Amino acid sequence: MAKLYYRYGTVGSAKTLNLLAVAHNYKQQDKRVLIMKPRLDTRFGYKTVRSRAGLNMEADVLLTENTVFSFDGQSRENSGANEIFIDKDITCIVVDEAQFLSAATVSRLYELTIYCNIPVLLYGLKTDFKGHLFPGSTRILELADSVEEIKTTCFYCNKKAIFNLKLLDGKPCFKGKTVDLGADEKYRPACKFCFEKFKKAALH
Ligand SMILES: [Zn+2]
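Residues numbered from 1 in each chain as written. Predicted model: local features only at pLDDT ≥ 70, side-chain atom pairs only at ≥ 80, totals over all residues. Heavy atoms only, no water.

### Quick notes on the nonpolar core
Core analysis: the biggest nonpolar cluster contains 25 residues, and Met36, Ile86, Ile93, Val95, Leu109 and Leu122 have the highest contact counts within it. Taken together, the elements giving at least two residues each to this core come down to β1 (4–8), β2 (32–38), β5 (61–63), β8 (90–95), α2 (103–115), β9 (120–124) and α3 (135–143). Among the nonpolar cores identified, the runner-up in size contains 15 residues, and Val49, Met57, Ala59 and Ile150 belong to it. (Core = buried A, V, L, I, M, F, W, Y, C linked by side-chain atoms within 4.5 Å. Buried < 20%, exposed > 50% of the residue type's maximum accessible area, 1.4 Å probe, protein only. Helix = DSSP H or I, 4+ residues; strand = E, 2+ residues; numbered from the N terminus.)

### Brief notes about α2
Taking 1.5 Å per residue as the helical rise, α2 with its 13 residues ought to reach 18 Å, and the 19 Å between its terminal C-alpha atoms agrees with that figure. Considered for burial, the residues of α2 that qualify are Thr105, Val106, Ser107, Leu109, Leu112 and Thr113. (Expected span 1.5 Å × (residues − 1).)

### A word on the coordination of the zinc ion
Here the zinc ion is held by Cys154 (SG), Cys157 (SG), Cys191 (SG) and Cys194 (SG), and the distances to it run 2.3 to 2.4 Å. Taken together, the 4 donor atoms coordinating the zinc ion span angles of 104 to 116° at the metal, a pattern that classifies the geometry as tetrahedral. Sequence positions of the residues that donate to the zinc ion give the spacing C-x2-C-x33-C-x2-C. For the residue pair cysteine 191 and cysteine 194, the accessibility class agrees, reading buried in each case. (Donors = N, O, S within 2.8 Å, 3.2 Å for Na, K, Ca; no water. Tetrahedral: all angles 85-135°; square planar, octahedral: opposite > 155°, others 65-115°.)

### Structural notes on the domain arrangement of the protein
Considered domain by domain, the protein is made up of domain 1 (4–149) and domain 2 (163–203). The straight-line distance from the C-alpha centre of domain 1 to that of domain 2 is 26 Å. With 14 residues of domain 1 at the contact, the number on the domain 2 side is 15 residues. Taken over both partners, the interface formed by domain 1 and domain 2 buries close to 1300 Å², and the fraction arising from carbon and sulfur atoms is 64%. Contact with domain 2 buries surface across domain 1, with Val11, Phe129 and Lys130 losing the most and accounting together for 50% of the total. Inspection of the domain 1/domain 2 interface yields 0 salt bridges. Where domain 1 touches domain 2, the interface holds 3 residue pairs in polar contact (both at pLDDT 80 or more). Here the residues of the side of domain 1 that touches domain 2 are counted per class, giving 6 nonpolar, 3 polar and 5 charged. (Domains from an automatic or database assignment. Contact = heavy atoms within 4.5 Å. Buried area = accessible area lost by both parts, 1.4 Å probe. Salt bridge = Lys/Arg side-chain N within 4 Å of Asp/Glu carboxyl O. Polar contact = N/O pair within 3.5 Å; in protein donor to acceptor, adjacent residues only side chain to side chain. Nonpolar A, V, L, I, M, F, W, Y, C, P; charged D, E, K, R; others polar.)

### Digging into the packing of aromatic side chains
Considering all chains together, one arrives at 6 aromatic pairs under this definition. Taking the centre distance of 5.8 Å and the plane angle of 90° together, the rings of phenylalanine 100 and phenylalanine 134 count as edge-to-face. Remark: phenylalanine 134 occurs in the loop between β9 and α3 and phenylalanine 100 occurs in the loop between β8 and α2; sequence separation between them is 34 residues. Grouping residues by exposure puts phenylalanine 100 and phenylalanine 134 together as buried. The cationic tip of arginine 7 hangs over the ring face of tyrosine 5; the distance from NZ or CZ to the ring centre is 5.9 Å. (Phe/Tyr/Trp six-rings, centres within 6.5 Å; stacked < 30°, edge-to-face > 60°. Lys NZ or Arg CZ within 6 Å of the ring centre and 35° of its normal.)

In structure tokens:
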């Protein structure tokens, strides 16, 4: 039976590179894979899924909280909904930046694993720069059959990174909105020791 997979990691853990490799492998075998991403994430252009390693592919579907899926030729006929038809011959669905999905969209992707028997692989951050779960990540953790961490090391030392440190004007920042795609900001992977050290320093 198809599963809902959650592959999470900090910034710079090559999540998107992993996603693109999975999509590439399916395509090489002439299998249909649907690449999805939240419409919210427009850093690299409307539909581009780009890895920091430089590779990119076009997303097939941009997800919003109004996205609903139809299958078996049945339309849900939700007025105002962004309806996506899911073909039976789709082998796999991969989703980038899944932390930005609404809880409802995560639930609808979960339903595809049950009613269409299509595996869904969700790639994304687990927590924001304050160290709290995103609403999307919370729902994914509730529903995923398989949860796997994509590991990377702290930018400042060699311990395992678990936080996303936000830099504003080059300095660690712990304030602001959870979803903040500002072009001037950068995020770095940080271990708990470095993260807490910066946090303590920022409070004084
Ligand atoms: Zn560190």
